[in-house]
Amino acid sequence: MSNQELAKILNEMAAFLDMKEVEFKPRAYEHAAFSVQSLEEGVDEIYKKGGLKALEDIPGVGRGIAERIEEYIKTGRIKDYEKLKKQFPIDIEGLMAIDGVGPKLVKKLYQELKIKNLNELEKAAKAGKLSKIEGLGEKSEQKILRGIEFLRQSHGRFLLGHILPTVRKMLDNLRVLSYVKRAEPAGSIRRMQETVGDLDILVTSDKPSKVMEYFVNMPEAQDVLSSGPTKTSVRLEIGMDADLRVLPPESFGAALQYFTGDKYHNIAVREIAIKKGYKLNEYGLFKGKQLVAGRTEEEIYKKLDMAWMEPEIRTNSGEIEASLKGKLPKLIGYDDLRGDMQVQTDWTDGENSIKEMAEAAKSQGLEYIVITDHTKSLAMAGGSDEKKLERQIKEIDKIQKQISGIKILKGAEVNINKDGTLDINDETLKKLDVVGASVHSNFNMSEQDMTKRIIRAMENPNVDILFHPTGRLIQKREPYKVNIDEIIKTAKRTKTVLEVNAYPERLDLKDEYIRKAVSAGVKLAINSDAHSVAHFKFLEFGIAQARRGWAKKNDVINTRPWQEMLKLLK
DNA sequence: GCCGTTTTCGGCCCGACTGTTTTCAGTCG
């Protein structure tokens with residue numbers, strides 16, 4: 001059992017209760033599900049330590065849900081859930097994943113047409129049966145079909161690194177229009193989340209209708225989904241939906257605030273506003289009908305006695321309390337990195353030469369890079385053996401003499417064998433400035449064996465950094481099973497640095513693990529894992545990831561000059 | 001079902017847009 005599974009059940013219970021038109025309970029179950037999902041500890045651990053009482057300490061979990069969690073831990077089932085499931089034997093999660101389908105529609109579909117899952121819904125829609133139901137029509141039927149298609153294509157979310165360039169270009173194009181005063185992204189893009197569901201753009205303009213007209217006709221827009229005087233939605237060519245909202249300047253900060261924080265941050269902030277006798281919406285902070293703040297985010301938070309929070313941490317996971325107490329961390333900045341400690345070249349699976357990579361890094365403003373080509377057991381990448389590494393060391397010395405303004409350090413991305421030994425001997429490793437170790441094979445080990453394997457590698461006095469510590473590929477491959485708490489503990493004990501790999505598909509460590517590592521006092525390195533000169537720009541995503549994990553400049557070793565950085569290694 | 005320097009009872013974030021209606025329910029963020 002896992003928090004993930006439990007959260008899924010609680011969410012489904014919320015949806016079933018919505019179908020039954022029960023009041024308020026659905027929100028309670030949703031809230032509990034979210035809390036469970038974002039817990040750092042397993043609910044079974046919490047229960048073991050503190051029993052029912054400890055479960056009730058989880059936000060949104062009271063006596064009732066705590067007892068159901070207890071039942072789940074003890075028996076692996078929740079009777080109330082099974083009762084609901086019996087009443088509605090349907091794949092409610094799958095159906096509600098379709099855009100425009102909510103619990104009420106699911107109920108109607110089940111009662112009228114006995115539809116229980118995506119396939120049956122698709123069949124009914126294609127047969128024109130949906131439009132015959134009262135309250136639905138042709139358009140709803142087509143919308144559902146498009147929703148199913150979209151879901152199948154993309155799982156509905158996009159990697160930040162894949163879509164950000166397009167988004168920035170669109171924003172630039174909006175900003176140069178004479179009738180657009182400001183244009184800013186909000187939502188998950190402004191929070192720099194690892195994946196993005198859709199795009200929110202906020203604009204101030206004295207000619208809203210012209211902005212809307214531009215937006216629906218811009219080359220990136222493929223379909224117009226809805227269009228009104230203040231809000232327009234389009235589907236972009238890249239497959240993502242984009243919402244544009246036009247606002248008066250006196251409301252711009254309020255709208256930024258409203259559309260940037262995730263749902264849970266916003267609920268918490270609005271509740272604080274209510275307690276102080278205000279109402280907060282996207283147009284401003286109001287006392288009765290009087291607008292008291294709205295032009296900037298800062299003035300709104302200030303009225304609520306809160307310090308302004310960086311967008312990346314607005315997820316109601318402690319930032320509200322820290323803001324109220326004036327104890328927000330100063331997060332690492334986007335200009336704070338001086339070096340990149342994982343760079344591949346054409347000596348193995350990289351695209352470019354050592355010199356080309358060094359020059360590209362220099363022109364991006366970096367002071368140093370570490371060359372970390374793969375080693376021999378990664379045969380597919382032409383990994384180096386000891387001899388090839390020795391030759392590369394000499395080659396780097398030669399290139400360093402030809403190039404100034406950037407330090408090229410010698411390193412390797414060494415494979416961790418199945419038993420935790422490395423595929424390069426210690427004598428050779430000692431000659432390198434930086435040794436990164438990583439898992440590239442035997443992903444399907446038990447958690448216990450994998451953890452032991454990685455710990456053994458970290459205990460090697462030559463291993464400075466554990467590269468992409470969990471091995472996940474977002475939307476493609478699950479992380480291998482590993483006990484992250486043990487890894488963090490070992491990192492602290494052995495002074496091994498943990499990597500925040502900035503490659504858009506990896507972003508590994510993920511934010512919640514970064515936060516754990518930071519609070520354990522473990523040092524991090526943010527690296528691009530560049531395989532070509534174009535990849536140094538990925539560092540931005542690694543920094544965003546670190547910021548979402550509440551990392552400060554001081555927690556990240558490659559914010560320091562290279563001489564100082566080296567002193568922090570084993 | 002949860003929660004409390006407004007409450008252990010009585011509230012629960014809030015507004016825009018769509019589609020199918022003829023005044024509004026449902027969904028979304």
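Keep in mind that what you see is a predicted model, and the values were worked out from it rather than measured.

Another aspect to go through is the overall build of chain A. Across its full length, chain A carries 24 helices and 17 strands. In terms of overall size, chain A behaves like a compact globule, its C-alpha atoms giving a radius of gyration of 26 Å where 570 residues would be expected to give roughly 25 Å. Its C-alpha atoms give chain A principal-axis dimensions of about 75 × 65 × 55 Å. Within chain A, contacts between residues at least 6 apart in sequence are counted, and of these 67% link residues at least 24 apart. A total accessible area of about 26,500 Å² is found for chain A, and carbon and sulfur atoms account for 48% of it. In chain A, which carries 94 positive and 88 negative side-chain charges, the distance between the mean positions of the two groups comes to 2 Å.

A few words now on the pairing of strand 2 (residues 182–185). Two faces belong to every sheet, and in a regular strand the side chains alternate between them. Burial along strand 2 is one-sided: the residues Ala183 and Pro185 are buried and none of Arg182 and Glu184 is. Bridge count between strand 2 and strand 4 (residues 198–204): four bridges; the pairing is antiparallel. Pairing of Pro185 across the sheet is with Ile201, part of strand 4.

Assigned domains within chain A: domain 1 (3–153), domain 2 (158–247), domain 3 (253–328) and domain 4 (339–567). Computed over C-alpha atoms, the centres of domain 1 and domain 2 are 31 Å apart.

A separate point is the protein's contact with DNA strand B. Around DNA strand B, the structure places 41 residues, and the nearest of them are Gly62, Gly100, Gly137, Ser226 and Arg270. For DNA strand B, a phosphate oxygen lies 3.0 Å from a polar atom in the backbone of Ile65. If you tally residues by element for the surface near DNA strand B, the top one is helix 4 (residues 63–75), at four residues. Of the residues that constitute the surface near DNA strand B, the class distribution is 14 nonpolar, 13 polar and 14 charged.

Turning next to unusual backbone geometry. Looking along the chain, the bond that leaves Asp508 and enters Leu509 is cis, with omega of 15°. Phi angles above zero are rare outside glycine, and Lys495 is one such case at about 60°. Judged by relative accessible area, Lys495 falls into the exposed class, the value being 60%. With a phi close to 60°, Trp550 is a non-glycine residue in the positive phi region. Note on placement: Trp550 falls in the loop between helix 23 (539–548) and helix 24 (562–567). The buried category is assigned to Trp550, whose relative accessible area is 13%.

This part covers the pairing of strand 16 (residues 497–501). Counting buried positions along strand 16 gives five out of five residues, so the element sits mostly inside the fold. Residues of strand 16 alternate between two faces, with Val497, Glu499 and Asn501 on one and Leu498 and Val500 on the opposite face, all of them buried. As defined by bridge partners, strand 15 (residues 465–466) adjoins strand 16 across two bridges and the pair is classed as parallel. Following the sheet pairing, Leu466 is matched in strand 16 by Leu498. As judged from the four bridges shared by strand 16 and strand 17 (residues 524–527), these two strands associate in the parallel manner. Along strand 17, the bridge assignment pairs Asn501 with Asn527. Between the parallel elements strand 16 and strand 17, the chain passes through helix 22 (residues 511–519) in a crossover that is right-handed.

It is worth spelling out the packing of helix 1 (residues 3–19) against helix 7 (residues 103–113) at this point. Remark: helix 1 packs on helix 7, axes separated minimally by 8 Å, with the N-to-C direction vectors making an angle of 70°. Between helix 1 and helix 7, the interaxial angle falls into the category roughly perpendicular. Crossing angle aside, the handedness with which helix 1 passes helix 7 is right-handed. For the pair helix 1 and helix 7, contact is made by Ala15, Asp18 and Met19 and by Pro103, Lys104, Val106 and Lys107, respectively. Along the lines of polarity and charge, the residues of the contact of helix 1 with helix 7 split into four nonpolar, no polar and three charged.

The five strands are arranged 2-4-7-6-5 in an open sheet whose pairing can be described as mixed. Edge positions in the sheet fall to strand 2 and strand 5 (221–227), since each has one partner strand and no second. When strand polarity is set aside, the average angle formed by the axes of neighbouring strands in this sheet is 25°. Against the sheet, helix 10 (residues 160–175) engages strand 2, strand 4, strand 6 (231–236) and strand 7 (241–247), with an angle of about 165° to strand 2. Strands strand 4, strand 5, strand 6 and strand 7 of the sheet are contacted by helix 12 (residues 208–217), whose axis makes an angle of about 165° with strand 7.

A word on the nonpolar core. Within the largest apolar cluster, 59 residues are counted, with the highest numbers of intra-cluster contacts made by Ile369, Ile408, Ile454, Leu498, Leu524, Ile526 and Phe536. Excluding residues that lie within four positions of it along the chain, Phe536 makes contacts with Asp340, Val343, Met357, Ala360, Ala361, Gln364, Leu366, Ile369, Ser528 and Ala530. Membership of the second largest hydrophobic core comes to 52 residues, among which are Leu55, Ile69, Val101 and Leu109.

Now for the sheet that holds strand 11 (residues 339–343). Backbone-to-backbone hydrogen bonds pair the strands of a sheet. The strands run either parallel or antiparallel. Taking strand neighbours across the sheet as the criterion, the seven strands line up as 11-12-13-14-15-16-17 in an open arrangement whose pairing is parallel. The open sheet terminates on both sides in strands that have one partner only, identified here as strand 11 and strand 17. Relative to strand 12 (residues 368–371), strand 11 is paired through three bridges, and the arrangement is parallel. In the sheet register, Gly339 faces strand 12, and the bridge partner there is Tyr368. Where helix 17 (residues 354–363) meets the sheet, it contacts strand 11, strand 12 and strand 13 (407–415), and its direction lies at approximately 150° from that of strand 12.

This paragraph deals with the side chain of His440. Examined against the element boundaries, His440 turns out to sit in the loop between strand 14 (434–438) and helix 20 (447–458). One polar contact links His440 to Glu413, side chain to side chain, over a distance of 3.2 Å. Beyond its immediate stretch of four places on either side in the chain, His440 contacts His374, Leu378, Glu413, Asn415 and His468.

Here the focus is the packing of helix 20 against helix 21 (residues 484–494). Between helix 20 and helix 21, the least distance of the axes is 10 Å, while the angle of their chain directions is 15°. On the basis of their axis angle, the class for helix 20 and helix 21 is roughly parallel. Relative to helix 21, helix 20 is oriented so that their crossing is right-handed. For the pair helix 20 and helix 21, contact is made by Thr451, Ile454, Ile455 and Met458 and by Glu486, Ile487, Thr490, Ala491, Arg493 and Thr494, respectively. Here the residues of the contact of helix 20 with helix 21 are counted per class, giving five nonpolar, three polar and two charged.

Moving on to the packing of aromatic side chains. Two descriptors summarise a pair of aromatic rings, namely the distance from one centre to the other and the angle between the planes of the rings. According to the stated counting rule, one finds seven aromatic pairs in the structure shown. Relative to Tyr110, the ring of Phe88 has its centre 6.3 Å away and its plane inclined at 70°; by these criteria the two rings are edge-to-face. Here Phe88 is found in the loop between helix 5 (79–87) and helix 6 (92–96), whereas its partner Tyr110 is found in helix 7, with 22 residues between them in sequence. For the pair Phe88 and Tyr110, one class covers both residues: buried. For the ring pair Phe538 and Phe541, a centre distance of 6.2 Å and an interplane angle of 40° mean the geometry is tilted. Exposure class is identical for Phe538 and Phe541. Each is buried.

Cut-offs used in this document
- Residues numbered from 1 in each chain as written.
- Chains lettered and ligands numbered in written order.
- Predicted model: local features only at pLDDT ≥ 70, side-chain atom pairs only at ≥ 80, totals over all residues.
- Heavy atoms only, no water.
- Helix = DSSP H or I, 4+ residues; strand = E, 2+ residues; numbered from the N terminus.
- Rg over C-alpha atoms; globule rule 2.2 N^0.38 Å.
- Contact = heavy atoms within 4.5 Å.
- Areas by Shrake-Rupley, 256 points an atom, 1.4 Å probe, with all protein chains shown as cover.
- Lys, Arg positive; Asp, Glu negative; His and termini not counted.
- Charge placed at Lys NZ, Arg CZ, Asp CG, Glu CD.
- Buried < 20%, exposed > 50% of the residue type's maximum accessible area, 1.4 Å probe, protein only.
- Pairing = 2+ DSSP bridges.
- Domains from an automatic or database assignment.
- Near = heavy atom within 4 Å.
- Polar contact = N/O pair within 3.5 Å; in protein donor to acceptor, adjacent residues only side chain to side chain.
- Nonpolar A, V, L, I, M, F, W, Y, C, P; charged D, E, K, R; others polar.
- Right-handed = clockwise from strand over helix to strand, strands pointing away.
- Axes fitted to C-alpha atoms, helices over the stretch in contact; angles between N-to-C directions.
- Parallel < 35°, antiparallel > 145°, perpendicular 65-115°, else oblique.
- Left-handed = near helix turned anticlockwise from the far one by under 90°.
- Core = buried A, V, L, I, M, F, W, Y, C linked by side-chain atoms within 4.5 Å.
- Phe/Tyr/Trp six-rings, centres within 6.5 Å; stacked < 30°, edge-to-face > 60°.

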